[in-house]
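# Analysis of the macromolecular model
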Amino acid sequence: MPSHDSSGKPFEVILETPSGAQVIVVQAGEHIWDAARRQGIVLPAICHQGRCLTCSGQLIGPGEFDQTDSVSYYPQDREAGFILLCTARARSNLHIRTHTQIGMREHRKQHGLPAPYA
Amino acid sequence: MADTPVVKPGDVTQRVGVEVIRKRGVDVEKLIKMLVANAAAEFASTYYYYTILRMHLAGHEDYKEICEDARLEDRAHWELIVPRIYELGGELPNDLKAFHDQAGCVAAKLPSPPTAVNILTLLLESERCAIRSWIAICDMTFGKDPRTYDMASRILNEEIEHEAWFIELLAHERDGKSIPSGHFRRGTPGEAPYSKNSRFYNP
């Protein structure tokens, strides 16, 4: 999978945060977490490597994203709709619930996968 | 005193040293998890893998020595963190793989090809993850848990210096640029001026 959108097309991402829904524009090649920050939304994160799960979100509905920049991401994570926002690139418009680190850690533990801070 | 938690005389199931910080708003169980993750990052993600990285910096003896300083100081951090985990009522996983998998930062595995630029880039990003991990502990404990905060800030001091070293070396090696760290080599390998020479735990 390419590490950037070959068409250069930006995508609209709706973030369902604890303080309400926010709509951001994510540029081609940009990580979703960085796009949110650029637009004034500070989401949780620690490692910025796609490792610690602090930045976890979960898809609400269908969507495509590129998680190849994450150092630790598993097929089971994708099947469950989890997305590591600090190292994820949008490949379509997306609707994401943010602040799901606790749920993602539980999911990892249930699958016997690494779950830092769990 | 109104804010003194009740621990009965002779009770060994509770610790005043824990209850006072809980009373001040520290989520002790979360703090323990974060300290375990940071201990795993120091020991498994960096100290162990830096041992390998430094072996592959032949021809760059200055880089090798600085990598060695970072390696030994990360080991000093590990030694510093573990007693605090147990003081707080936590423990380490009794399984090395489980411990490794708890690490909040990626394992600094030897890159391919193992060029000086690739190794220095890896070292730099490893130190940056450590800074982010320790500032999170500082934020969580500031004004509430002075003992953990003191430990975290000592470690953070050294991680910030490590980042500066690897910025300087990578800029020189990769870009031919001078971006001074502002530091000179440690007096002795792995001197750990913040986390070891003034340590509060002395095994």
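To be clear, the structure that these remarks concern was listed above.
One structure accompanies this document, and this report is about it.

What counts, and where the lines are drawn
- Residues numbered from 1 in each chain as written.
- Chains lettered and ligands numbered in written order.
- Predicted model: local features only at pLDDT ≥ 70, side-chain atom pairs only at ≥ 80, totals over all residues.
- Helix = DSSP H or I, 4+ residues; strand = E, 2+ residues; numbered from the N terminus.
- Rg over C-alpha atoms; globule rule 2.2 N^0.38 Å.
- Buried ≥ 20, exposed ≤ 12 C-beta atoms within 10 Å, placed from the backbone.
- Contact = placed C-beta atoms within 7 Å.
- Core = buried A, V, L, I, M, F, W, Y, C linked by C-beta atoms within 7 Å.
- Nonpolar A, V, L, I, M, F, W, Y, C, P; charged D, E, K, R; others polar.

### Remarks on the overall build of chain A
Along the backbone of chain A there are three helices and seven strands. The secondary structure elements of chain A, listed N-terminal to C-terminal, are β-β-α-β-β-α-β-β-β-α. Against the globule reference of 13 Å for 118 residues, chain A gives a C-alpha radius of gyration of 13 Å, in line with a compact fold. Overall size of chain A, expressed as C-alpha extent along the three principal axes, is 35 × 35 × 25 Å. When the 118 residues of chain A are sorted by exposure, 43% land in the buried category. Partitioning the contacts of chain A with sequence separation of at least 6, the portion at a separation of at least 24 is 59%.

### Here we look at the overall build of chain B
What chain B contains, in helices and strands, is six helices and zero strands. When the helices and strands of chain B are listed from N to C terminus, the series reads α-α-α-α-α-α. Each of the three principal axes of chain B carries a C-alpha extent, and together these read 65 × 35 × 25 Å. Sorting the 203 residues of chain B into buried and exposed places 40% on the buried side. The long-range share in chain B, meaning contacts at least 24 apart out of those at least 6 apart in sequence, stands at 72%.

### Some details on the nonpolar core
Grouped together as the largest cluster of nonpolar side chains are 80 residues, with contacts concentrated most on Val13, Ile32 and Leu85 of chain A together with Leu123 of chain B. Of all the elements, helix α2 (residues 28-53) of chain B adds the most residues to this core, at 14 residues. With sequence-adjacent residues up to four places away left out, Leu85 of chain A is seen in contact with Ile32, Trp33, Leu43, Cys55 and Gly57 of chain A.

### Notes on the interface of chain B and chain A
Tallying the contact residues gives 13 residues for chain B and 11 residues for chain A. The leading source of residues in the side of chain B that touches chain A is helix α5 (residues 116-141) of chain B, at four residues. When the residues that make up the side of chain B that touches chain A are grouped by side-chain class, the tally is seven nonpolar, three polar and three charged.

### Considerations on the environment of Val28 of chain B
All names here are of chain B. Inspection of the secondary structure puts Val28 in helix α2. Overall, the presence of 17 C-beta atoms within 10 Å leaves Val28 in the partly exposed class. Sequence-wise, Val28 and Asp175 are 147 residues apart; in three dimensions their C-alpha atoms are separated by 45 Å. In contact with Val28, not counting residues within four places along its chain, are Val18, Ile21, Arg22 and Leu88.

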